[in-house]
Each structure stands twice: as structure tokens, then as C-alpha cells.
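Chain and residue survey
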Amino acid sequence: MHSKDLRAAGETEQRLYVLDAWRETALYSDRERAALAWAEAVTKITGGQVSDDVYEEAIRRFSEQEMIDLTLAVTTINTYNRINIAFAVQGGSYQVGQHSG
């Protein structure tokens, strides 16, 4: 879903293809890296909390309101993912703009 929307918004194929390797490529800005690290840390909570390093980098790059917005976006998408898993929703059928109001 999100890759389809990103393509429609003009995101490059190269950045989409290497997203899983965002730490190993120069294709993402420091701000984007901070957002990706924050998203991973908020999603993968096996350690109990976001590390101080990830938190410090995020607050260097984002205002308080942006941190709130980013955290809400990450947790909302995590909730959607869990709902889709619970109801065995098959991926791939989304069409760009399908959920726009």
C-alpha cells in the first residue's frame, strides 16, 4: 500500500528498493534516518524502551510536535498491521487513493 502511494507521489524506485538497508546507503537524509530509526525502535519494543541514542538523535531532528506526530503515525500503522494480521487480510490489492476521503 505505502509503496504504491509513494510511487504515485513521485518517490524513486531506488529509494524504495533499498529501504530495508537504509543504514547502509547514502540515499536518505539524516532527518529521514532519524525517523526510520525511531520507527524501528517504537515498533520493535523487545528491549523495553527506545534507546537513549535513538531518542537523542530523534529530538535533535524533530520538534516536540513532530515527535508526537511521528510516534502517532508509527503506532497507528502498527495497529493497522496487527488488524490485518488478525483478520488474514491479503496484501497487494490496494489501489492508489483507495482510502482517500
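These figures come from a predicted structure and were not determined experimentally.

Criteria and thresholds
- Residues numbered from 1 in each chain as written.
- Predicted model: local features only at pLDDT ≥ 70, side-chain atom pairs only at ≥ 80, totals over all residues.
- Heavy atoms only, no water.
- Helix = DSSP H or I, 4+ residues; strand = E, 2+ residues; numbered from the N terminus.
- Contact = heavy atoms within 4.5 Å.
- Axes fitted to C-alpha atoms, helices over the stretch in contact; angles between N-to-C directions.
- Parallel < 35°, antiparallel > 145°, perpendicular 65-115°, else oblique.
- Left-handed = near helix turned anticlockwise from the far one by under 90°.
- Nonpolar A, V, L, I, M, F, W, Y, C, P; charged D, E, K, R; others polar.

Our focus in this paragraph is the environment of Leu16. Following the sequence through the fold, Leu16 ends up in helix H2 (residues 13-17). Once residues within four sequence positions are removed from consideration, Leu16 is found in contact with Ser3, Leu6, Arg7, Glu11 and Tyr28.

Let's shift gears to the environment of Gly92. Positionally, Gly92 belongs in the segment after helix H5 (64-86). A sequence separation of 88 residues divides Gly92 from Lys4, and the C-alpha atoms of the two residues are 9.6 Å apart.

Before going further, it helps to examine the packing of helix H3 (residues 30-43) against helix H4 (residues 52-61). Running from N to C, H3 and H4 cross one another at 135 degrees; their axes reach a closest spacing of 9 Å. Put simply, H3 runs oblique to H4. Crossing of H3 against H4: the hand is left-handed. Contacts from Asp30, Arg31, Ala34, Ala37, Trp38 and Ala41 of H3 reach H4 at Val54, Tyr55, Glu57, Ala58 and Arg61. Class assignment of the residues belonging to the contact of H3 with H4 gives a composition of 7 nonpolar, no polar and 4 charged.

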